[in-house]
Amino acid sequence: MTDEFDRLRAANPATNTTYAHGDLAAVARRAEVPTPNAPTRFAQGFRLKMASAAMAATLLTSGGIAALESSSSPLPVLSLGAASPSTAPKSESLPTSGGLSDSKIPGGSQSSMRIWGTYEFSASDRLSSSPDQAPVYRVSGSSDPSGLTIDLAKALGIVDSAVAIKVTHGDFGIPTTGYEYATDHGTISVNAGRNGATSWYFSSPAAGVSSDSSLNVNTISKRELVSWSKDLIDSLRFDLALGDATYSIYGDQGSVSYQVLVGGIATDMSVSVGFDKQGSVLWANGSVARFDRAGNYPLISERDGVDNLSSGGGLVPMTDQVAGGAGAASSDVIPVVGSDGVLTPPVIKVLITSAKVQLSTQQMTDGSVWLIPLYSYTGTATNEDGTTMESTWSTIAVDPAYLKISVSPSPIVY
Amino acid sequence: MVPVPVDDFYDFAHTHMPTIANFARRRLYPLNPEELDDIVADVLIVAWRKRDVIPEGAEAPWLIGVTRKVLANARRKKYRRSAYIQSQRAEETHRSAEDRVLKDAAVEAALATLSLGDREILMLHYWDDLTIEQIGTTTGATVNAASVRLSRARKRFREAFAKFEES
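Computed from a predicted model, the values in this text were never measured in an experiment.

Q: I'd love a proper account of the overall build of chain B, names of residues and values included.
A: Along chain B, the regular secondary structure elements total eight helices and zero strands. Counting from the amino terminus, chain B carries its helices and strands in the arrangement α-α-α-α-α-α-α-α. Here the contacts in chain B between residues at least 6 apart in sequence split such that 69% fall between residues at least 24 apart.

This is how it looks when you write it as structure tokens:
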């Protein structure tokens, strides 16, 4: 007689099904790309190039950083491990984004939001032509990732005395140490590298449960989200300044995302939490870091930054706030097929209307991680068919006199 | 650059894709079904690059462990993105594969009463054919803890199954 576990085994949906990848040849091509030797957190790394060899020996120490605070010390040159803003090609092939495509910028992933086209940027009169200054910070992670893991477990209420922290090293080719605390009530993952912020992620067993698709209305109010997230943030007791929150509600689930501020400036770091309709935490993630100020860097003017965008040194739109109705969505940007059958990118004209300085996490070739000022621009893109779209773009704001660009040898997958 | 022996990669991929796809397909939510290929591709590339360190005889838990992390990364990206995209609210939701495919009503009903933790460990054992040791490796638990969790999940499944089978 078949027992319940035979029935369970027989119910495996994979039984009598086969899987074939849609484009295994593409996977094989990706596999041809060698694993990068240098530890890089993002697709591009920063290289800290010193004005002199002697200075190089001191800058990467706390003493060197302290020296930067002195007004008499020259600032070091920052060298981007990416295509130069002044030499990078325009977007003439399938989505490319100039120098910083994989940097984490508030607003989410760029890679999924790329728009194919040649962008022509211009600055409105509201943008400043006067250069300013902005701070650069070195970023270090938690000194006690294991303790952080337990603190998170306590704050999230998943402590199980029978469970120990599992430590793993160096997954995905990135030299990090992972701390995983998995109980029946949820899993906490903490990733701590030698440098940079310590990231953490929590997922409850219910995180994989879909929101109720039968609901046509949201069953969570923003007021509830505000209250729940405030309580959780308070219980986490991170020594981080948090900025504006973004709220998202879909059916019976909702999420809150806070920008992390450093010196009052928004960064690309965030703390995010997802809740179910009872206010239970479905998932959460964020970063814990210490920020050591390394000095003020001269910036280019806001208007000069727009020129950098035009020469390919910026980022493609990361958020799409459609101004011209549904017809202005990015999916409506249609490439033109010439008589020779070659696709040519459409020309998209962008008027930049506002700019603000933000700090972007970047890693140098020595492994150290820094917060570097960017200009985050908001503007209106006009497609060839006249439809418009509000978006944001970013470009490095540091004065080129303090930048040196080197080309990244290969794309980095992880 | 050292060229990849393509034939070897295809052999490697065809050997391991079923394990990766079967596991990832059931845990794809909130990703779209169309993203399964991306997940499988990412896992394959990690596995291919680390094939020299995959423990012999423990390929399945190793691959499932990587798949869990790749899925977690993909979900994390999606969650972060969703916080900024207003249209996310209207996004279609996708039921898990077992919800859509299971034909055995009693099994489906019994599974539905369990916590995701219980379902996870039962599926790892009965659907992914992992031993208790392999489940421990995959989930980061000790063999003893994995054994206890599986035992508890079996008990709860048996009770729920009996109730639904009876009715």
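Q: Kindly report on the overall build of chain A, identifying the contributing residues and their values.
A: Tallying secondary structure elements over chain A gives seven helices and 19 strands in all. Residue burial in chain A is summarised as follows: out of 414 residues, 50% are buried. Contacts spanning at least 24 positions in sequence make up 67% of the contacts within chain A whose residues lie at least 6 apart. Counting only carbon and sulfur atoms, one obtains 50% of the accessible surface of chain A, whose full area is about 18000 Å².

Q: Explain the side chain of Thr361(A) to me, and be specific about the residues and the numbers.
A: Positionally, Thr361(A) belongs in strand β16 (residues 347–364). Of note is the side chain of Thr361(A), whose polar atom sits 2.6 Å from the side chain of Asp268(A).

Q: Give me the lowdown on the confidence of the model for chain A, citing residues and values where you can.
A: All names here are of chain A. Per-chain confidence: chain A averages 68 in pLDDT, with 61% of residues scoring 70 or above. This model gives residues 36–73 a pLDDT under 50, and the stretch forms 91 contacts once residues within four places in sequence are excluded. Within the model, pLDDT remains below 50 along residues 81–114, and this stretch shows 98 contacts once partners closer than five positions in the same chain are excluded.

Q: Talk me through the packing of aromatic side chains; I want residue IDs and the actual numbers.
A: Under the definition given, this model contains nine aromatic pairs over all chains. With centroids separated by 5.6 Å and ring planes inclined at 40°, the aromatic side chains of Phe5(A) and Phe157(B) adopt a geometry described as tilted. Linking Phe5(A) in helix α1 (residues 4–10) with Phe157(B) in helix α8 (residues 143–166), this pair reaches from one chain into another. With a relative accessible area of 0%, Phe157(B) lands in the buried category.

Q: How would you explain the confidence of the model for chain B if you had to name every residue and give the values?
A: Residues and elements named next belong to chain B. On average, chain B scores 78 in pLDDT, and the residues at 70 or more come to 80%. Predicted confidence for residues 84–101 stays below pLDDT 50, and this span has 38 contacts to residues more than four positions away or in other chains. With a pTM of 0.50, the predicted complex shows an ipTM of 0.72.

Q: Give a description of the environment of Lys349(A) that names residues and reports values.
A: All names here are of chain A. By secondary structure assignment, the location of lysine 349 is in strand β16. Along the primary structure lysine 349 and glutamate 120 are separated by 229 residues, whereas in three dimensions their C-alpha atoms are 4.8 Å apart. Sequence-distant contacts of lysine 349, defined by excluding residues within four places in its chain, comprise Glu120, Thr380, Ala381 and Thr382.

Q: Which residues make up the environment of Leu150(B), and what values go with them?
A: All names here are of chain B. Among the secondary structure elements, leucine 150 is positioned in helix α8. When the C-alpha positions of leucine 150 and isoleucine 132 are compared, they lie 8.0 Å apart, and in sequence the two are 18 residues distant. With near-sequence residues (within four places) excluded, leucine 150 lies in contact with Ile121, Leu122, His125 and Ile132.

Q: A description of helix α6 (residues 116–126) of chain B should follow, citing residues and the corresponding values.
A: Across the eleven residues of α6(B), nine count as buried, placing the element largely inside the fold. All of the buried residues in α6(B) are Asp118(B), Arg119(B), Glu120(B), Ile121(B), Leu122(B), Met123(B), Leu124(B), His125(B) and Tyr126(B).

Q: Describe the environment of Thr395(A), listing the residues and the values that go with them.
A: Within the secondary structure, Thr395(A) sits in strand β18 (residues 388–396). With 21 residues separating them in the primary sequence, Thr395(A) and Leu374(A) have C-alpha atoms 5.5 Å apart.

Q: I'd like a description of the pattern of salt bridges, backed by residues and values.
A: For side chains of opposite charge, pairing can occur when their charged atoms come near one another. Enumeration according to the criterion identifies nine salt bridges over all chains in this entry. For Asp292(A), the salt bridge identified is with Arg290(A), shortest N-O distance 3.2 Å.

Q: Can you break down unusual backbone geometry residue by residue, with the values?
A: Among all residues save glycine, negative phi is the norm, and among peptide bonds the norm is trans. The residue Asp129(B) is not glycine, and still its phi comes out positive at about 60°. With respect to the element layout, Asp129(B) can be found in the loop between α6 and α7 (132–139).

Q: So, the pairing of strand β17 (residues 369–382) of chain A: which residues are in play, and what are the values?
A: Within a regular beta strand, the side chains point alternately toward one face of the sheet and then the other, so they alternate between its two faces. All names here are of chain A. The buried fraction of β17 amounts to eleven of the 14 residues, a majority that puts the element mostly inside the structure. By the bridge criterion, three bridges tie strand β4 (residues 133–140) to β17 in an arrangement that is antiparallel. Counterpart to arginine 138 in the pairing with β17 is tryptophan 370. When β17 meets β18, the two strands line up antiparallel, connected through nine bridges. Residue tyrosine 377 lies in a different strand from β18, and its bridge partner there is tryptophan 393.

Thresholds, definitions, all that
- Residues numbered from 1 in each chain as written.
- Chains lettered and ligands numbered in written order.
- Predicted model: local features only at pLDDT ≥ 70, side-chain atom pairs only at ≥ 80, totals over all residues.
- Heavy atoms only, no water.
- Helix = DSSP H or I, 4+ residues; strand = E, 2+ residues; numbered from the N terminus.
- Contact = heavy atoms within 4.5 Å.
- Buried < 20%, exposed > 50% of the residue type's maximum accessible area, 1.4 Å probe, protein only.
- Areas by Shrake-Rupley, 256 points an atom, 1.4 Å probe, with all protein chains shown as cover.
- Polar contact = N/O pair within 3.5 Å; in protein donor to acceptor, adjacent residues only side chain to side chain.
- pLDDT = per-residue confidence, 0-100.
- Phe/Tyr/Trp six-rings, centres within 6.5 Å; stacked < 30°, edge-to-face > 60°.
- Salt bridge = Lys/Arg side-chain N within 4 Å of Asp/Glu carboxyl O.
- Pairing = 2+ DSSP bridges.

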